[in-house]
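Reading the structure
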Amino acid sequence: MGQRRTITAHFTSERRFFENALGKEFDFTQSTGPYEYLLGALSGCFYSTLASFEYKSSWKEVEIEVIGIKRDSVPTTLEKTTLLIKASGVEDRNEFESLVKRASEECSIYNTIKAVSEMEWKVEYR
């Protein structure tokens, strides 16, 4: 059996939020709604997958900007999703890009969203 993850969502006329199993709360607001959490989860999963690989070189910092374009038609799932990966202190760019490609193939949230959205990633170096 796989790893179980649970959140509990609460909706009242005063507040909309979800909490994790430890009781940490995350509000749904106009600027942090469901899609912001989804795109944030994608960036976290993608980096966790990337960092889990064995690699010879190193990097100092990775920033992932995720841009999601929703469809106008119902259901309004993501139509196109782009991960702009900004990396600094990368010792071996070829290896890094190979690891990014592998992360796109193995990241579970990336591949879940890929079922409904065109996916792309780009790497920029600082």
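Reference entry: report on the structure contained in this document.

What counts, and where the lines are drawn
- Numbering of residues begins from 1 in every chain and follows the order in which that chain's sequence is written.
- At least 70 in pLDDT is required for a residue's local features to be given in this predicted model, at least 80 for side-chain atom pairs to be given and counted, and no such filter applies to totals for whole chains, interfaces and linings, which use all residues.
- Water and hydrogen atoms play no part in the side-chain values, which are based on all heavy atoms of the structure.
- Nine residue types can take part in a nonpolar core, namely buried Ala, Val, Leu, Ile, Met, Phe, Trp, Tyr and Cys, and a core is a set of them joined through side-chain atoms within 4.5 Å.
- A simple rule labels every residue: compare its accessible area, found with a 1.4 Å probe on the protein chains alone, to the largest value its type can have, and call it buried under 20%, exposed over 50%, or partly exposed in between.
- The helix count covers DSSP runs of H or I at least four residues long, the strand count covers runs of E at least two residues long, and both are numbered beginning at the N terminus.
- The criterion used for residue contact is that any of the two residues' heavy atoms lie within 4.5 Å.
- Side-chain rings of Phe, Tyr and Trp (the six-membered ring for Trp) are treated as a pair once their centres are within 6.5 Å; stacked means planes under 30 degrees apart, edge-to-face means over 60, and tilted covers the remaining angles.
- Only lysine NZ and arginine CZ atoms are considered, and such an atom sits over a ring when it is within 6 Å of the ring centre and within 35 degrees of the ring normal.

Examining the nonpolar core
- Ranked by internal contacts, the top residues of the largest apolar core, which has 24 residues, are Phe46, Leu83, Ile85 and Phe96.
- Among the secondary structure elements, those contributing two or more residues to this core are helix H1 (34-52), strand S4 (61-70), strand S5 (78-88), helix H2 (93-106), helix H3 (108-114) and strand S6 (118-125).
- Residue contributions to this core peak at five residues, all from H1.
- When neighbours within four sequence positions are excluded, Phe96 is seen to be in contact with Leu50, Trp59, Val62, Ile85, Ala87, Val90, Val123 and Tyr125.

Thoughts on the packing of aromatic side chains
- As enumerated under the stated definition, the model contains 10 aromatic pairs in all.
- Here the aromatic rings of Phe18 and Phe26 are separated by 5.2 Å at their centres, their planes lie at 20°, and the arrangement is stacked.
- Looking at Phe18, the relative accessible area reads 13%, which means it is buried.
- Here the aromatic rings of Phe28 and Tyr37 are separated by 5.9 Å at their centres, their planes lie at 85°, and the arrangement is edge-to-face.
- The buried category is assigned to Phe28, whose relative accessible area is 15%.
- Linked through ring pairs, Phe11, Phe18, Phe26, Phe28 and Tyr37 together constitute an aromatic cluster.
- The cationic tip of Arg15 hangs over the ring face of Phe17; the distance from NZ or CZ to the ring centre is 3.9 Å.
- Positioned above the aromatic ring of Phe53 is the side chain of Arg102, whose terminal nitrogen or guanidinium carbon lies 3.8 Å from the ring centre.

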